[in-house]
Amino acid sequence: AGPGMAPSEPTPSRVLVTLIDGDCALCSRYARLVSWLDTKGVVYFETQQSAVGKKVLRNAKQPVDLSTIVVVEVANGTAVGYTKSTAVLRTFAALGVPWSVAGVLLFVPTVVRDGVYTFVAKHRLKVFGANGGSCALPDAVARRRVGLGLPKQLLLSGGD
């Protein structure tokens, strides 16, 4: 299996959902890159602005915050949310070797990592532009994983 191949069924014990700003061109490019590198199909994508995205965020006790990427990791039925640089690094760690080597950067102090992340995030729309109000995930691999097949525990809430 190589980059861009169809995703396999995710393992029920560990799933990552990457929630991005659907109007951000950099965020969409990031999602396409991760999709291409994710030969195992373990990372799902959703926009924070969508109804499903808001539900996933709520269930992981994360606010809608378009200034950051949010990764919700489900392990053994528990959803935990990560933001900023930690979200990016946990995503790469889930991709396996060689991309998981980026996880070594988790040892860099969060204040430093998130400082760089915040600087890029603050200027992303000026530098990379917007998608005109819609998420641009054109390749077939990413389309199959956008909002489809999310683990049920991410979509259930106390009142459902």
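Residues numbered from 1 in each chain as written. Predicted model: local features only at pLDDT ≥ 70, side-chain atom pairs only at ≥ 80, totals over all residues. Heavy atoms only, no water.

Most of helix 3 (residues 84-94) is tucked away, with 8 of its 11 residues classed as buried. Taken together, the buried positions of helix 3 are S85, T86, A87, V88, L89, T91, F92 and A94. G96 sits one or two positions beyond helix 3 and adopts a positive phi of about 85°. (Buried < 20%, exposed > 50% of the residue type's maximum accessible area, 1.4 Å probe, protein only. Helix = DSSP H or I, 4+ residues; strand = E, 2+ residues; numbered from the N terminus.)

A separate point is the layout of surface pockets. Reported here for the largest pocket is a volume of approximately 330 Å³. For the lining of the largest pocket, the secondary structure elements donating two or more residues are helix 1 (25-37), helix 3 and helix 4 (110-128). Broken down by element, the residue count for the lining of the largest pocket peaks at 7 residues, all from helix 4. When the residues that make up the lining of the largest pocket are grouped by side-chain class, the tally is 14 nonpolar, 2 polar and 3 charged. (1 Å grid on protein atoms, 1.4 Å probe; cavity = no way out; pocket = protein on both sides within 12 Å on 5 of 7 lines; lining within 4 Å. Points joined across faces, edges and corners; volume = space filled by probe spheres on them. Nonpolar A, V, L, I, M, F, W, Y, C, P; charged D, E, K, R; others polar.)

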